[in-house]
Amino acid sequence: MLKVRNLSTGYDGVPVIFDVSFEVREGEMVSIVGSNGAGKTTILKTISGLLKPFSGEIEFLDKRIDRMPAHEIVKLGIAHVPEGRHVFGKMTVRDNLLLGAYTLESDTDIKKVLEEVYEIFPRLKERENQKAETLSGGEQQMLAIARGLMSRPKLLLVDEMSLGLMPILVDKVLDILKEISRRGMTILLVEQKVQEALEMADRGYVLQTGRIVAEGTGKELLESDLVKKAYMGM
Ligand SMILES: Nc1ncnc2c1ncn2[C@@H]1O[C@H](COP(=O)(O)OP(=O)(O)OP(=O)(O)O)[C@@H](O)[C@H]1O
Ligand SMILES: [Mg+2]
């Protein structure tokens, strides 16, 4: 579904991603794991068109997207749940969700997708008229993911959804992501929480200072010396 080939990119001419290649197949959950500053967010921003590559190619459903503007990439079916959630605090939960549906044209579609999303996130339905700023951290993360789903994406990009959450909430949010995956969504997740992200992924990639240094199934990576030594203190 998504093919990234020999991607190099960065900021103000300074590269931070070097010759990165990976793919995501339809229906998969793929995790890219790495420490602070490895370049995970930069990769997602480049896929969703917020940042342009210095070189390399990105293909989505057999179409080159690396020169497309971000709003066209959303229309093709890629939704990006950004790092740090970015919900609109003064707006209600429902209005935050409706913002995510701006690419849908008919009101019936919007109603339908809202119902689907509420089915996955009953908590959000209970709180639909509450201002988003009054939600807990975990609920705000759920709102950010739910808003991503409102555009009916084919591919969901999720950036560091565990950030700043207590362990118990991390598990909850991860469970929800598994449920979304089970319903057929293709997901690319980037995470610093290496163990959790690899345990739930079909396949994964390890990113170190802008380069992919290992790839494999989640299980293979978890059992690899590299991951054990570098991320699990073993
Ligand atoms: N807007 C920017 N301008 C200049 N440099 C940036 C910018 N954003 C990120 N960088 C640099 O690019 C590198 C990769 O950053 P990135 O945010 O992609 O890392 P990350 O893997 O997402 O880290 P974290 O786990 O902390 O979120 C870092 O060295 C960072 O300082
Ligand atoms: Mg990041």
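Being a predicted model, the structure only gives us computed values, none of them experimental.

Asks: Would you mind showing me how to read the packing of aromatic side chains here?
Replies: Any pair of aromatic rings gets described here by the distance separating the centres and the angle formed by the planes. Scanning the model with the defined rule gives one aromatic pair in all. On the basis of an interplanar angle of 55 degrees and a centroid distance of 5.6 Å, the ring pair of Phe-22 and Tyr-205 is categorised as tilted. Of this pair, Phe-22 sits in strand β2 (residues 14–24) while Tyr-205 sits in strand β9 (residues 203–208), placing them 183 residues apart in sequence. Each of the two residues, Phe-22 as well as Tyr-205, counts as buried.

Asks: What is the right way to look at the nonpolar core in this model?
Replies: Soluble, globular proteins show a tendency: their nonpolar side chains are buried together. Counting 49 residues, the largest nonpolar core has Leu-97, Phe-121, Ile-145, Leu-156, Leu-177, Ile-180 and Ile-187 as its most contacted members. Sequence-distant contacts of Leu-97, defined by excluding residues within four places in its chain, comprise Leu-114, Val-117, Tyr-118, Leu-143, Ala-146, Arg-147 and Met-150. Formed by 25 residues, the second largest nonpolar core is a distinct cluster that contains Ile-17, Ile-32, Ile-73 and Ile-78.

Asks: How do you make sense of unusual backbone geometry when you look at a structure like this?
Replies: Only a minority of non-glycine residues have a phi that is not negative, and only a minority of peptide bonds are not trans. Phi angles above zero are rare outside glycine, and Asp-62 is one such case at about 65 degrees. Residue position: Asp-62 is located in the loop between β4 (55–60) and β5 (63–64). Owing to a relative accessible area of 67%, Asp-62 belongs among the exposed residues under this scheme. Here Arg-152, not a glycine, exhibits a phi torsion of approximately 55 degrees, which is positive. Here Arg-152 is to be found in the loop between α6 (137–149) and β7 (155–159).

The rules we used
- Residues numbered from 1 in each chain as written.
- Chains lettered and ligands numbered in written order.
- Predicted model: local features only at pLDDT ≥ 70, side-chain atom pairs only at ≥ 80, totals over all residues.
- Heavy atoms only, no water.
- Phe/Tyr/Trp six-rings, centres within 6.5 Å; stacked < 30°, edge-to-face > 60°.
- Helix = DSSP H or I, 4+ residues; strand = E, 2+ residues; numbered from the N terminus.
- Buried < 20%, exposed > 50% of the residue type's maximum accessible area, 1.4 Å probe, protein only.
- Core = buried A, V, L, I, M, F, W, Y, C linked by side-chain atoms within 4.5 Å.
- Contact = heavy atoms within 4.5 Å.

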